[in-house]
Amino acid sequence: MIVRNLYDDILGTDAEVDSAQWTSRRLLLAKDGMGFSLHDTLIKAGETLHLWYQHHLEAVYCIEGQGEILDKATGIRHPIREGTVYALNQHDQHSLHANQGQTLRMVCVFNPPVTGRETHDASGAYPPADLE
Ligand code: 9YT
């Protein structure tokens, strides 16, 4: 069994990955052998991320804040607030926006699991897990 606490075991360690637009607190990683990774991620207020996880599936559950996701294939914008989940089951090209003054707190699951300190490439992807 694995038992961890965000505040005791993740913050300030290698499992906390900060970028200009988001901070990803990686609770479970590939090395934990679960077949997925689990992140508690903050999207900084006012930021818009252009993402396209070509090598991963991702589900994202909002637990705080307000924003919007744009499905680039359809042009449809979906509001995001506490209780909203989206699943990128088709490697969907999308943008994620945190409204002004609203930090989005998102619980993210990646399959295959993120291995460590991945950040996005120019296309908005993380590299395939086997290249890490
Ligand atoms: C929701 C999302 O994809 N945010 C970007 C960061 C990423 N989810 C991560 O590594 O936690």
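You'll find the structure just up there.
As the structure is a computational prediction, the values presented were derived from the model and not from experiment.

Rules behind the numbers
Within each chain, residue numbers correspond to sequence positions counted from 1 in written order. Reporting of local features is limited, given that this is a predicted model, to residues whose pLDDT is at least 70; pairs of side-chain atoms are given and counted only at 80 or more, and all residues count toward the totals for whole chains, interfaces and linings. With hydrogens and water set aside, each side-chain value is computed from the structure's full complement of heavy atoms. One heavy atom suffices: a residue is near a molecule or strand as soon as one of its heavy atoms comes within 4 Å of it. Polar contact criterion, stated in full: a pair of N or O atoms within 3.5 Å, where within protein one must be able to donate a hydrogen and the other to accept it, and residues adjacent in sequence count only if both atoms are side-chain atoms. Here the term cavity refers to a set of points on a 1 Å grid, laid over the protein atoms alone, in which a 1.4 Å probe fits but cannot get out; the term pocket refers to an open set having protein on both sides within 12 Å along at least five of seven lines, with lining residues being those that place an atom within 4 Å of a point. A pocket or cavity is taken to hold a molecule when more than half of that molecule's atoms are within 2 Å of the pocket's grid points. The way it works is that DSSP assigns letters per residue, a run of H or I at least four long becomes a helix, a run of E at least two long becomes a strand, and they are numbered from the N terminus. As a working rule, the residues Ala, Val, Leu, Ile, Met, Phe, Trp, Tyr, Cys and Pro are called nonpolar, Asp, Glu, Lys and Arg charged, and the rest polar, with Gly in that last group. Grid points are joined across faces, edges and corners, and a volume is the space filled by probe spheres set on the points. The contact definition used throughout considers only heavy atoms, calling two residues in contact when any of these lie within 4.5 Å.

A. Summary view of the site of the ligand. The local shell around the ligand holds 16 residues, among which Ser-24, Arg-26, Thr-41, Tyr-53 and Tyr-126 are the closest. The side chain of His-39 places a nitrogen or oxygen atom 2.9 Å from an oxygen atom of the ligand. At 3.0 Å from an oxygen atom of the ligand is found a side-chain nitrogen or oxygen belonging to Glu-58. Because more than half of its atoms lie within 2 Å of the grid, the ligand is assigned to the largest cavity. Put simply, the parts of the chain that give the shell around the ligand at least two residues each are β2 (22–28), β3 (37–43), β4 (48–51) and β10 (104–111). Partitioning the shell around the ligand into residue classes produces ten nonpolar, four polar and two charged.

B. How the structure looks around the layout of surface pockets. Volume-wise, the largest pocket comes out at about 150 Å³. Forming the walls of the largest pocket are 14 residues, and the residues nearest its centre are Thr-13, Ala-15, Arg-26, Leu-29 and Lys-31. With three residues, β2 is the largest single contributor of residues to the lining of the largest pocket. Within the lining of the largest pocket, the residues separate by chemical class into five nonpolar, two polar and seven charged.

C. Molecular detail of the environment of Ala-87. Locating Ala-87 in the fold gives a position in strand β8 (residues 85–88). Here the alpha-carbon distance between Ala-87 and Gln-21, two residues 66 residues apart in the chain, equals 21 Å. Other than its neighbours up to four places away in sequence, Ala-87 contacts Glu-58, Ala-59 and Asp-92.

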